[in-house]
Amino acid sequence: MQGSAVGDQADAIVIGGGTVGGWCAYFLRRSGLARVVLIEKRTLGQGASSRAAGVVRTQGGTPWAVQLGEWSRRFYLGQQDELGIDSGFTPQGYLLPCFSTDDVAAARKRMAMQNAQGLSVRWLEPDELDRLNPAMAPGLTLGGTFCAEDGYLTPPRNVTAYAVALATSGVIVRERVTFTGLSADGERVIGVQTSAGPIAAPLVVLTGGPELADVGKLAGIRVPASGVRHQVAVTQAHPDLAPGRLPMVFDLSAGLYWRPEEGGLLFGMSNPAEPPGEASCIDEAYLALMRTRLAELVPVTAGLGLRKVWAATIDYTPDHLPIIGPAAGPDRIYNGAIVASAGGAGMMWGPAVARAAADVALTGRSDVVDTAQLGLDRFDADGRSRLAADPIALPFPEHVQQSPGQLTIP
């Protein structure tokens, strides 16, 4: 609900009103906490959450990614029964084509891991792939993996869904209130400082998407995460792009994905050569480069105009994995404070990361995913992760933005 004042006492406080923060506050309230406060310096979903492409892919490159994607997919499917509203999840099927023998070897190994995790991923030979995806130019691939259960949602509708969930569950949402720091008694968190005054609470969850490093800095911790421009465009409608002819596709070699949208094709991309930082304007040259690649793969798009184009700053971590764990400063861990990041996969992993973060805040562990290795302690002093990067991710920069109090990875 929308309170008239911030208030000075809570059972838990969540910083950030994006997908992770919004669902986390709801899960904390649903877990039985009487007074949960969400602090958002703008309005709910005003950042990347309302500007995403909405892809929900369970075909991750690590068991963590698979588990987070599958939990989120099932959550989206159950929202109507739980909340009376949903995020518009549409099962569409997701295809990851292979263009080289190395691609094939990696895909088959990955598929074995995914199926061992309980997914229904199958291998398509080149002719099977062409029959499944007639909008794609034939004869280009060596096959690929396909999961029929993957799909997409409508990002603004997701924001509406968690706004309704927050309101009906009784979470106190304070928009246009800025987080300015943690309050602690030794290593124990006792609340937060905000632009509207202090709030006492024994539990605090720090989110923030592409601004999480800044949130961390205000809290006195260093979070190796950053933001970068992500562009999305939608073509004009065409009969060849009808949803029945068009599974979702991720061309890993180019970092380009697409899915059906309003009779046309929605496609998205990030430029790995672009320096990290806030960006919401269109990079016309890179958009043209990706349109050329798209036309090679989906020829009908070469003659279509664009109905809409947008850009948003989205978050990423150096290893393309989420961050879920205690807020660790240079010399101490803040007991009672948790950091949560979906690592650029807010629609795909957001609800699962939110649920896991709520669980860890309340009990120290989660059944959603084993978070033991997903905390800040996996990064060294230079921000390098000891974990191998998830290979099924957009080609984000290999370093995080450098600014006072933040890390850079050379």
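Before reading further, recall that the structure is shown in the block above.
This one's a predicted model, so the numbers in the text were calculated from it and none came from an experiment. (Residues numbered from 1 in each chain as written. Predicted model: local features only at pLDDT ≥ 70, side-chain atom pairs only at ≥ 80, totals over all residues. Heavy atoms only, no water.)

(A) How the structure looks around the packing of helix 1 (residues 19-30) against helix 8 (residues 346-363). Interaxial distance between helix 1 and helix 8 falls to 8 Å at its minimum, and their mutual angle equals 40°. One element, helix 1, and the other, helix 8, form an angle in the oblique class. The interaxial crossing formed by helix 1 with helix 8 has right-handed handedness. For the pair formed by helix 1 and helix 8, the contact residues are Thr-19, Val-20, Trp-23, Cys-24, Phe-27, Leu-28 and Arg-30 on the first element and Gly-346, Met-347, Gly-350, Pro-351, Val-353, Ala-354, Arg-355, Ala-357, Ala-358 and Leu-362 on the second. Residue classes in the contact of helix 1 with helix 8 are distributed as 12 nonpolar, three polar and two charged. (Axes fitted to C-alpha atoms, helices over the stretch in contact; angles between N-to-C directions. Helix = DSSP H or I, 4+ residues; strand = E, 2+ residues; numbered from the N terminus. Parallel < 35°, antiparallel > 145°, perpendicular 65-115°, else oblique. Left-handed = near helix turned anticlockwise from the far one by under 90°. Contact = heavy atoms within 4.5 Å. Nonpolar A, V, L, I, M, F, W, Y, C, P; charged D, E, K, R; others polar.)

(B) Examining helix 8 more closely. With respect to burial, helix 8 is a largely interior element, 15 of its 18 residues being buried. At the C-terminal side of helix 8, Gly-364 shows a positive phi close to 90°. (Buried < 20%, exposed > 50% of the residue type's maximum accessible area, 1.4 Å probe, protein only.)

(C) Looking closely at the nonpolar core. Counting residues in hydrophobic clusters, the biggest one holds 53 residues, and the most contacted among them are Trp-23, Leu-28, Leu-166 and Val-205. Mapped by element, the contributors of at least two residues to this core are strand 1 (12-15), helix 1, strand 2 (36-40), helix 2 (63-83), helix 5 (155-169), strand 20 (333-341) and helix 8. Among the elements that take part in this core, helix 8 stands out by supplying 11 residues, more than any other. Grouped together as the second largest cluster of nonpolar side chains are 28 residues, Phe-179, Ile-323, Tyr-334 and Phe-379 included. (Core = buried A, V, L, I, M, F, W, Y, C linked by side-chain atoms within 4.5 Å.)

(D) Summary view of helix 6 (residues 212-219). For helix 6, the complete set of buried residues consists of Leu-212, Ala-213, Val-215, Gly-216 and Ala-219. Looking straight down helix 6, one finds that the buried residues subtend no more than 160° of arc, so they occupy a single side. Buried residues along helix 6 sit in contact with strand 1, strand 10 (179-185), strand 13 (204-206) and strand 20. Phi for Gly-220, located one or two positions after helix 6, is positive at around 85°. (Arc of directions from axis to C-beta.)

(E) Main features of the environment of Gly-60. Looking at where Gly-60 falls in the secondary structure, it is placed in the loop between strand 3 (55-56) and helix 2. When the C-alpha atoms of Gly-60 and Ala-393 are compared, they prove to be 8.2 Å apart, with 333 residues separating the residues in sequence.

(F) Local environment of the sheet that holds strand 15 (residues 248-251). With mixed pairing, the eight strands of this open sheet are ordered in space as 6-7-5-15-16-17-14-18. Of all the strands in the sheet, the pair left with one neighbour each is strand 6 (121-124) and strand 18 (306-316). Put simply, the sheet's adjacent strands are angled 20° from each other on average, direction ignored. Sheet strands in contact with helix 3 (residues 101-116) are strand 5 (94-97), strand 6 and strand 7 (144-147), and its direction is about 155° off that of strand 6. (Pairing = 2+ DSSP bridges.)

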